[in-house]
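# Summary of structural features
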Amino acid sequence: MAVAYPHFLVSENHATVEQPALMVSPAAAPCPSVTLTQDDLKKIAAYKAVEHVKSGMVVGLGTGSTAKHAVDRIAELMRKGKLKDIIGIPTSKKTHEQAVSLGIPLSDLDSHPVVDLAIDGADEVDPGLNLVKGRGGSLLREKMVESASKKFIVIVDESKLVNYVGGSGLAMPVEVIPFCWNHSLKRLVTLFADAGCAGELRKCAETGEAFVTDNGNYIIDLYFEKDIGDLNEASDLILRLPGIVEHGMFIGLATSLIVAGVEGMAVKTKIGNELEVDSFSYTELRNGFLV
Ligand SMILES: O=C(CO)[C@H](O)[C@H](O)COP(=O)(O)O
């Protein structure tokens, strides 16, 4: 099955992405002459997701370097007249600014409480499509918009795939109110002591000051040495603590996942409790478009 991204097969950046192979069909041999950067992979996933945007839709616009490509693509298709009457619901001030600069009409959940489709990146995706989000700091608005969406397509490069939530060893962000944040940090770490949890206040790299979210809150980044187990239980424990606003585990919200890897792209879609998987190889793309 061919996908229309021939321009990705000749990358402008030449760094080779050294990632483990994605789940492509055995017939999908790697294409040695193609060097895809991590940003190419993000763009491939984003463009594929935007194929699901139809004229007249209310679309949740995600935040981050992957989602940015989706927003760019939506605007491009609008300019070309291929998409009409789109209303975007941005998930951060940054995405709001991007969408305004591109001329995408915007609204919010007060005026459009039901979103047709949201497209966003993620920091981690587990095999059941549970996510960690918020390393870019926008988890609260992202969760509000994506939980109001009929469909939520997650777009990632294959580096984001994990065996379990927290499995990358990188941050699981929790948005907290600034008041006595250190107290909140200690309570969060204590909750997950059995999983070898450590936590720290997120700081701005430039200023060394506390990172402040679009909502005026702080972020505590949690790190786990082990699997925290039942995610719904973990979520309940976190949200029960006073001073906690939201956490970055997106449990059961994603309806599809598009993963771009160096050897191909996979699309996982939830059908009831099952996951249907389609895969595409770049060899197929090359055969389809570069002959
Ligand atoms: O959750 C997010 C921002 O709050 C982003 O979607 C997540 O951090 C992934 O970002 P990127 O696409 O830049 O890797």
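Structure: above.
Described below are features of the structure shown in this document. (Residues numbered from 1 in each chain as written. Predicted model: local features only at pLDDT ≥ 70, side-chain atom pairs only at ≥ 80, totals over all residues. Heavy atoms only, no water.)

## With respect to the overall build of the protein
The helix and strand inventory of the protein stands at seven helices and 14 strands. For the protein, the proportion of its 291 residues judged to be buried stands at 49%. A total accessible area of about 13500 Å² is found for the protein, and carbon and sulfur atoms account for 52% of it. (Helix = DSSP H or I, 4+ residues; strand = E, 2+ residues; numbered from the N terminus. Buried < 20%, exposed > 50% of the residue type's maximum accessible area, 1.4 Å probe, protein only. Areas by Shrake-Rupley, 256 points an atom, 1.4 Å probe, with all protein chains shown as cover.)

## Digging into the state of the cysteines
For the coordinates displayed, the defined rule picks out zero disulfides. Free cysteine: C180, not disulfide-bonded; nearest cysteine sulfur from C197 at 19 Å. For C180, a relative accessible area of 44% puts it in the partly exposed group. (Disulfide = S-S within 2.5 Å.)

## Quick word on the sheet that holds strand β14 (residues 274-281)
With mixed pairing, the seven strands of this open sheet are ordered in space as β2-β1-β3-β6-β12-β13-β14. Single-partner strands in this sheet number two, and they are β2 (87-90) and β14. If you compare each strand with its neighbour and ignore which way they point, the axes differ by 20° on average. As judged from the three bridges shared by strand β1 (residues 58-61) and strand β3 (residues 115-120), these two strands associate in the parallel manner. (Pairing = 2+ DSSP bridges. Axes fitted to C-alpha atoms, helices over the stretch in contact; angles between N-to-C directions.)

## What about the packing of aromatic side chains?
Inspection of every chain in the model, using the stated rule, returns one aromatic pair. Measuring from ring centre to ring centre gives 5.5 Å for F192 and F224, while their planes differ by 85°; the resulting arrangement is edge-to-face. Highlighted residues: F192 in the loop between α5 (181-191) and β8 (198-201) and F224 in the loop between β9 (218-223) and α6 (231-239), separated in sequence by 32 residues. Residues F192 and F224 agree in their burial class; the two are buried. (Phe/Tyr/Trp six-rings, centres within 6.5 Å; stacked < 30°, edge-to-face > 60°.)

## Description of the nonpolar core
In terms of nonpolar packing, the biggest core is built from 31 residues, with V53, I74, I119, I155 and I258 touching the most fellow members. Those elements giving two or more residues to this core turn out to be α1 (38-50), β1, α2 (65-79), β3, β6 (149-157), β12 (256-260) and β13 (264-271). The greatest single-element share of this core, amounting to seven residues, is contributed by α1. Once you skip the residues sitting within four places of it in the chain, I258 turns out to touch A45, K48, A49, I153, V154, I155, V156, M265, A266 and V267. Grouped together as the second largest cluster of nonpolar side chains are 24 residues, V176, A195, L222 and L231 included. (Core = buried A, V, L, I, M, F, W, Y, C linked by side-chain atoms within 4.5 Å. Contact = heavy atoms within 4.5 Å.)

## Looking at the packing of α1 against α2
The interhelical angle for the contact between α1 and α2, taken along N-to-C directions, is 50°, at an axis separation of 8 Å. Between α1 and α2, the angle is such that the two are oblique. Here α1 runs over α2; the crossing is right-handed. Between α1, through D39, K42, K43, A46, Y47 and V50, and α2, the contact on the second element is made entirely by S65, T66, H69, A70, R73, I74, E76 and L77. Classifying every residue of the contact of α1 with α2 gives six nonpolar, three polar and five charged. (Parallel < 35°, antiparallel > 145°, perpendicular 65-115°, else oblique. Left-handed = near helix turned anticlockwise from the far one by under 90°. Nonpolar A, V, L, I, M, F, W, Y, C, P; charged D, E, K, R; others polar.)

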